[in-house]
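The lines below spell out each chain.
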Amino acid sequence: MKKNISIVGSGLVGSLLSIYLAKRGHNVNLFERRPDMRKTSISAGKSINLALSDRGFRGLIGAGLADDIREIAIPMYGRQIHHSDGSESYQPYGKEGQAIYSVSRGGINMKLMDLAESMENIKIHFNHRCTDVDLKNTTSSFVDESTGAAIVDKADMVFGADGAFSPVRMSMMTKTDSFNYSQTYLEHAYKELVIPPAADGSFQMNKNALHIWPRKSFMLIALPNLDGSFTCTLFLELKGEVSFEKLKDDESITAFFKQHFPDAVALMPSLLTDFNTNPTSLLVTVRCYPWTYQDKVALIGDAAHAIVPFFGQGMNCGFEDCVVLDEMIAQFGEDWQSVLNAYQIARKPNGDAVAQLALNNFIEMRDKTGDPKFLLRKKIEARIAAENPSFLSMYAQVTFSPHITYDSAYKAGQKHDAYLEQLADIPNVFDLWNTPQVQALIQSLLLV
Ligand SMILES: Cc1cc2nc3c(=O)[nH]c(=O)nc-3n(C[C@H](O)[C@H](O)[C@H](O)COP(=O)(O)OP(=O)(O)OC[C@H]3O[C@@H](n4cnc5c(N)ncnc54)[C@H](O)[C@@H]3O)c2cc1C
């Protein structure tokens, strides 16, 4: 039976979810707090581009959008590391041809909304800010931001795709018993900056890499955009010896960048304006459970599992939520209680695993990518992968293997790490590669 389904939030995940539900024949109303981004400028303060990987593509394939998005995406085949001494090194992400893709956040959201609006059973209501959801009666309250009018929507089901600070989740938290919730902020915040194209419109750095300036307690990264520019993001502690609070005037900002990122600052003519204009934004991990209420309400995407951005998986994970929910609909049909229950049971461990992977990867990116022992472990892992084509590193499992769950990848990665650590501790390990000691460790690792 066709349901009338309301989705709060037409961001990346809400828009994709609407397409999946509409393809199953349901009538979908999407309610979005912001104005239509296709008619106004894209919201400030959010990362302008994102890394899309195979899990995200899997979600887009189901919606029939993968080819369109590939056309507006730039492949990044590896990490380009900018060391403190001015030297650079390059670490491929995977096997030849494997890449993660830099896509514009607004670009992908607009394509999703275009497709959603082209379907006759989806309607998007902009400027509708959700203030409350009556879970039992599936009625949602909104304020029309353009007129101030109060609006009440009655549906058969409500999905909260309303991001890290989800009002739908807030309704679940305040109106149900035993709702578990935690939010944890990093001591680091982020700020976006720009490396513009060269005068002739070309890229000023290798466009097919994700650039990282690891500086132990902080880092700068840069992802390419189609117009020849790079969006840079500075991740830095809010307080302390080296922190945002110390960068309070043009002099201190310039000195900081010249000391730590001299090659980047030379390419950033609008650094001071960007630094002073762009917001300093916080980084939060949200864990909660349950994600559903009876057969009526469910959380999806960041509303269910907001994570820090260091594995580039938040959107990818949210898109995978849509795929798994759709699989549950295929399995349980109109039994929505079972659909929602199976969805949350399948996804919760993966939400937790990707949250931890993201936190761990922050340390890896900012600290270890410049550390010789870490680089040795990566070399050992790369040789094992080259000699054993069926071996998949944890990174490859997360990024290039959408049929392996985040949870399995996380657990395998923990075990791989223990063996790689032992191998890296063997002096001249590459000279001893074919000895029984080294081969025994490699065989144990391959059995994980
Ligand atoms: C700096 C940074 C870099 C990132 N990089 C990556 C990356 O490289 N790869 C990756 O996969 N992920 C990345 N992410 C994560 C990614 O941005 C999120 O996981 C993704 O946006 C989640 O999508 P969503 O639709 O669940 O939430 P959102 O994108 O937050 O969308 C929620 C929507 O709900 C709307 N909304 C909120 N409140 C209301 C309300 N009261 N009423 C109505 N509507 C409402 C919002 O306006 C918004 O449109 C990054 C995140 C950050 C912060």
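Here the structure is shown first, and the text comes after it.
Residues numbered from 1 in each chain as written. Predicted model: local features only at pLDDT ≥ 70, side-chain atom pairs only at ≥ 80, totals over all residues.

Trainee: Would you take a moment to explain the overall build of the protein for this structure?
Mentor: On a plain count of helices and strands, the protein comes out with 15 helices and 19 strands. Relative to a compact globule of 448 residues, whose C-alpha radius of gyration would be 22 Å, the protein shows 23 Å and is just as compact. The buried share of the protein, reckoned over its 448 residues, is 40%. A separation of at least 24 residues holds for 70% of the contacts in the protein among residues at least 6 apart in sequence. (Helix = DSSP H or I, 4+ residues; strand = E, 2+ residues; numbered from the N terminus. Rg over C-alpha atoms; globule rule 2.2 N^0.38 Å. Buried ≥ 20, exposed ≤ 12 C-beta atoms within 10 Å, placed from the backbone. Contact = placed C-beta atoms within 7 Å.)

Trainee: Where do I start with unusual backbone geometry in this structure?
Mentor: Note on backbone geometry: most residues besides glycine have negative phi, and most peptide bonds are trans. Each neighbour pair has its own omega, and for Tyr 289 with Pro 290 the value is 0°, a cis peptide bond. With respect to the helices, strands and loops of the structure, Pro 290 is situated in the loop between strand E17 (281–289) and strand E18 (292–293). Even without a glycine there, the phi angle at Asn 127 is positive, about 60°. Summarising the element assignment, Asn 127 is placed in the loop between strand E8 (122–125) and strand E9 (128–134). Accessibility expressed as a C-beta count within 10 Å gives 16 for Asn 127, which makes it partly exposed. Non-glycine residue Ser 178 carries a positive phi angle of around 55°. Tracing the backbone through its elements, the reader meets Ser 178 in the loop between helix H5 (167–175) and strand E13 (180–195). On the neighbour-count criterion, Ser 178 (6 C-beta atoms within 10 Å) is exposed.

Trainee: Looking at this model, I keep getting lost on the pairing of strand E7 (residues 100–104). Mind explaining?
Mentor: For a regular strand, side-chain orientation follows a simple rule: the groups alternate between the two sheet faces. Judged by how many residues are buried, E7 sits mostly within the fold: five of five residues are covered. Burial along E7 is two-sided: the residues Ile 100, Ser 102 and Ser 104 and Tyr 101 and Val 103 are all buried. Examined bridge by bridge, strand E3 (residues 49–52) and E7 share four bridges and lie antiparallel to one another. The partner of Leu 50 across the bridge, within E7, is Val 103. The pairing of strand E4 (residues 74–76) with E7 spans three bridges and is antiparallel. Paired with Pro 75 across the two strands is Tyr 101, which belongs to E7. (Pairing = 2+ DSSP bridges.)

Trainee: What is the right way to read the packing of helix H2 (residues 54–63) against helix H10 (residues 314–332) from this model?
Mentor: If you want to describe how two helices pack, look at the angle between their axes and the distance between the axes. Where H2 meets H10, the closest approach of the two axes is 7 Å, and the angle between their N-to-C directions is 45°. As judged from the angle between their axes, H2 and H10 are oblique. Crossing hand, H2 versus H10: left-handed. Side by side, H2 and H10 meet where Arg 55, Gly 56, Arg 58, Gly 59, Leu 60 and Gly 62 of the first sit next to Met 315, Asn 316, Cys 317, Phe 319, Glu 320, Cys 322, Val 323 and Asp 326 of the second. (Axes fitted to C-alpha atoms, helices over the stretch in contact; angles between N-to-C directions. Parallel < 35°, antiparallel > 145°, perpendicular 65-115°, else oblique. Left-handed = near helix turned anticlockwise from the far one by under 90°.)

Trainee: Quick question: what am I supposed to make of the sheet that holds strand E1 (residues 4–8) here?
Mentor: Sheet strands pair via backbone hydrogen bonds, and the direction of the pair is either parallel or antiparallel. Read across the open sheet, the six strands follow the order E8-E2-E1-E12-E19-E18; overall the sheet is mixed. Strands with a single pairing partner mark the edges of an open sheet, and in this sheet they are E8 and E18. Looking at chain direction, strand E2 (residues 27–31) and E8 are connected through four bridges and run parallel. Looking at the pairing, Leu 30 lines up with Ile 124 of E8. Where helix H1 (residues 12–23) meets the sheet, it contacts E1, E2, E8 and strand E12 (157–160), and its direction lies at approximately 170° from that of E2. Of the strands in this sheet, E1, E12, E18 and strand E19 (297–299) are in contact with H5, which crosses E19 at around 120°.

Trainee: Honestly, the nonpolar core in this entry has me stumped. Any pointers?
Mentor: Leu 16, Leu 17, Phe 159, Val 168, Cys 232, Ile 300 and Val 354 are the most contacted members of the largest nonpolar core, which totals 103 residues. Of all hydrophobic cores here, the second largest spans seven residues; its members include Ile 380, Tyr 419, Leu 420 and Ile 442. (Core = buried A, V, L, I, M, F, W, Y, C linked by C-beta atoms within 7 Å.)

Trainee: What exactly am I supposed to notice about the site of the ligand here?
Mentor: What surrounds the ligand is a group of 32 residues, the closest being Gly 9, Gly 11, Gly 163, Gly 301 and Gly 314. Mapped onto the shell around the ligand, the elements with two or more residues apiece are H1, E3, E9, helix H9 (302–305) and H10. Here the shell around the ligand takes four residues from H10, the largest share from any one element. When the residues that make up the shell around the ligand are grouped by side-chain class, the tally is 13 nonpolar, 13 polar and six charged. (Near = placed C-beta within 6 Å. Nonpolar A, V, L, I, M, F, W, Y, C, P; charged D, E, K, R; others polar.)

Trainee: Explain the pairing of E13 to me, please; I cannot follow it from the model alone.
Mentor: Taken together, the eight bridges between E13 and E17 define a ladder with antiparallel strand orientation. Bridge pairing links Gln 183 to Val 286 in E17. Two strands pair when backbone bridges link them, and E13 and strand E16 (residues 230–237) are joined in this way by eight bridges, in the antiparallel orientation. Paired with Leu 193 across the two strands is Cys 232, which belongs to E16.

Trainee: Any chance you could explain the sheet that holds E7 here in plain terms?
Mentor: Read from one edge to the other, the open sheet built from three strands follows the order E3-E7-E4, with strand pairing classed as antiparallel. Edge positions in the sheet fall to E3 and E4, since each of these pairs with one other strand and no more. When strand polarity is set aside, the average angle formed by the axes of neighbouring strands in this sheet is 35°. Lying on the sheet, helix H4 (residues 105–118) is in contact with E3 and E7; it crosses E7 at an angle near 75°.

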